[in-house]
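The residues making up each chain are set out below.
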Amino acid sequence: MMKENKILNGIKRLLNPARYQRGTLDAANPGDAKKVQWSTNASSWMPESSLVQSIQDYIANDIATQTFLHETIDTKTMVRHNRVNSKIYYILNMSLKNRVEETVNGITRITSSMTSTEFWTEAMKKMLRTGWVYIQPIYATPDGSYATNKLNDLKILDSRPDDLTDIIAIKSPYSLGLQAKQLMNRAFEAFWADINSDDVKGYLKVNGQIDQKGKRFDESMSETMDAFYRYVKDYRIGVIDNKSDYHELKNDYRKIRPEDLELLETEVYAIFGVSKDVIAGTADAQQMAEYKEKVIKPINKQIKTELNRVLLSPYLRDLSEEKETIEHISIYENAYQYVTPAEKAQLIQQATNAGIATRNELREIIGLPPEENGDELVTNLNNVRIGSDNNSDSSNNY
């Protein structure tokens, strides 16, 4: 009986159709990883799950397309002016980053680089999947050290440096990648155990007797099975001789229930704080506003804190009574991004009638960034700015 079990286990290992299919669990050695082909709609549940990646990519792309602002703030009125001509604004939003340069015969050329969108997408993916991203500022100074308005490049580091004093170190507010990966692995293991519960897949008839005494049959059968396995592994075909016959049992391997997949999917979305509708692009304004509030804003806060700490000196950023202005790096967040055009028109009309909105606040409603001198209140009294020197001058019309 022991020999029979050993042989049948060998046959099961060889003929297991899932062994050679795409998708693996984590394993110390690649050859130790179990492989599964799902027969339901679980094709996305592979080791680096396409669902997890799509959520991470969505969040990363959303953050990467935002506009960074380098602002000067009046300490008396707290009016903000975006410094669109500053080097920090240019580097954060427009310049090529992560540049690799090569100098040949005195001529320096860029051999590789990233656009701003590519750079921030890559940085955010790294943060979401590992929990951290480390970015090194490069300054146009002889030794590359900090100097006001000398920022020249940003580089994503492969690992955590020993000294983080001058490094932009952005930590994910959540353990998104790790939690999701652990959940996926546990689910894979449970599903695999369920699928594998029917131990015997079929029977292979061979030219020999299983109850034969001695080791000769056992050794011969093992050699045969190993040879069969090599053919399957190397050529993806099964081989049996003309004296062999295989009878497959009619087992149902569709062990994963749709409700189990739905529960797992729901848990993964919950880890990231998003809904399926958000990722699918079918979310309404309320769902998108909640997503922005719960997911994007906490990450933006981490980014802004580090950018201000590293790229602005304490003298430039810290508020004090004797200073007329301070500098601040922020991210333009349009609170009205998902409001319908009709609702925007109504908001603008109400705000203008009441004289409670500035031009920049009205520009934000229609999706435009702030402009210089746009922080004065406007009203519908001939559509002039409140506080202007000559309210009757038509040139002041809004």
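It should be emphasised that the depicted structure is a prediction, and the values quoted were computed from it without experimental measurement.

About the cut-offs
- Residues numbered from 1 in each chain as written.
- Predicted model: local features only at pLDDT ≥ 70, side-chain atom pairs only at ≥ 80, totals over all residues.
- Heavy atoms only, no water.
- Pairing = 2+ DSSP bridges.
- Helix = DSSP H or I, 4+ residues; strand = E, 2+ residues; numbered from the N terminus.
- Axes fitted to C-alpha atoms, helices over the stretch in contact; angles between N-to-C directions.
- Buried < 20%, exposed > 50% of the residue type's maximum accessible area, 1.4 Å probe, protein only.
- Contact = heavy atoms within 4.5 Å.
- Core = buried A, V, L, I, M, F, W, Y, C linked by side-chain atoms within 4.5 Å.
- Salt bridge = Lys/Arg side-chain N within 4 Å of Asp/Glu carboxyl O.
- pLDDT = per-residue confidence, 0-100.
- Phe/Tyr/Trp six-rings, centres within 6.5 Å; stacked < 30°, edge-to-face > 60°.

Turning next to the sheet that holds strand 10 (residues 325-332). One key point about sheets: their strands pair by backbone hydrogen bonds, in either a parallel or an antiparallel sense. Ordered in space as 2-1-10, the 3 strands form an open sheet in which the pairing is antiparallel. Each of the sheet's edge strands pairs with one partner strand only, and the pair in question is strand 2 (80-82) and strand 10. Across the sheet, the mean angle from the axis of one strand to that of its neighbour is 35 degrees, orientation sign disregarded. One ladder, built from 8 bridges, connects strand 1 (residues 67-74) with strand 10; its direction is antiparallel.

Position of Ser86 among the secondary structure elements: in the loop between strand 2 and helix 3 (87-93). Residue classification places Ser86 among the buried positions, given a relative accessible area of 3%. Beyond its immediate chain neighbours, meaning those up to four positions away, Ser86 contacts His70 and Asn149.

For the rest of this paragraph, the subject is the sheet that holds strand 5 (residues 132-139). The antiparallel open sheet is built from 3 strands, whose spatial order is 6-5-7. Strands at the two margins of the open sheet, each flanked by one partner only, are strand 6 (151-156) and strand 7 (168-171). Between one strand and the next, the sheet's axes are offset by a mean angle of 25 degrees, whatever the strand orientation. Of the strand pairs in this sheet, strand 5 and strand 6 are connected by 5 bridges, and their pairing is antiparallel. Of the residues in strand 6, the one forming a bridge with Gln136 is Lys155. The strands touched by helix 4 (residues 116-130) within the sheet are strand 5, strand 6 and strand 7, with strand 5 carrying the most contacts at an inclination of about 145 degrees. Along the sheet, helix 9 (residues 285-311) contacts strand 5, strand 6 and strand 7; its crossing angle with strand 7, the most-contacted strand, is approximately 165 degrees.

Membership of the largest hydrophobic core comes to 45 residues, with the highest contact counts inside it found for Ile59, Trp120, Met124 and Leu311. By residue number, the principal contributor to this core is helix 9, which donates 9 residues. If sequence neighbours within four positions are ignored, Trp120 has contacts with Ala64, Phe68, Leu92, Lys97, Ile135, Leu154 and Leu307. If you look at the next biggest cluster of nonpolar residues, it comprises 5 residues, including Ala357, Leu362, Ile365 and Val378.

Turning our attention to the pattern of salt bridges. The tally for this structure, following the rule as stated, stands at 12 salt bridges. Among the salt bridges present, the one from Asp62 reaches Lys292, with a minimum N-O distance of 3.3 Å. With Asp62 in helix 2 (residues 50-64) and Lys292 in helix 9, this residue pair connects regions lying 230 residues apart in the sequence.

Moving on, we get to the confidence of the model for the chain. Of the residues in the chain, 65% have a pLDDT of 70 or more, and the chain-wide mean is 75. Taken as a whole, residues 390-398 scores under 50 in pLDDT and shows 14 contacts with residues more than four places along the chain or in a different chain.

Another point: the side chain of Asn308. Relative to the helices and strands, Asn308 resides in helix 9. A relative accessible area of 9% means that Asn308 is categorised as buried. Those residues in contact with Asn308 that lie beyond four places of it in its chain are Arg317, His328 and Ile329.

Here Met78, not a glycine, exhibits a phi torsion of approximately 65 degrees, which is positive. The topology assignment puts Met78 in the loop between strand 1 and strand 2. Here the phi dihedral of Asn105 falls at roughly 55 degrees; this positive angle occurs in a residue that is not glycine. Structurally, Asn105 is set in the loop between strand 3 (97-104) and strand 4 (107-114).

The subject of this paragraph is the environment of Glu343. Mapped onto the secondary structure, Glu343 falls in helix 11 (residues 341-354). Assessed through its relative accessible area of 40%, Glu343 is described here as partly exposed. As for Glu343 and Ile365, which are separated by 22 residues in sequence, their C-alpha atoms are 9.7 Å apart.

The relation between two aromatic rings is expressed through the spacing of the ring centres and the mutual angle of the planes. Counted by the stated rule, this structure contains 5 aromatic pairs. Ring geometry for Phe119 and Trp120: centres 5.2 Å apart, planes at 90 degrees, overall edge-to-face. Consider the rings of Tyr139 and Tyr146, whose centres lie 5.3 Å apart with planes at 75 degrees: the pair is edge-to-face. The buried category is assigned to Tyr139, whose relative accessible area is 9%. An aromatic cluster is present here, built from Phe68, Phe119 and Trp120 joined pairwise through their rings.

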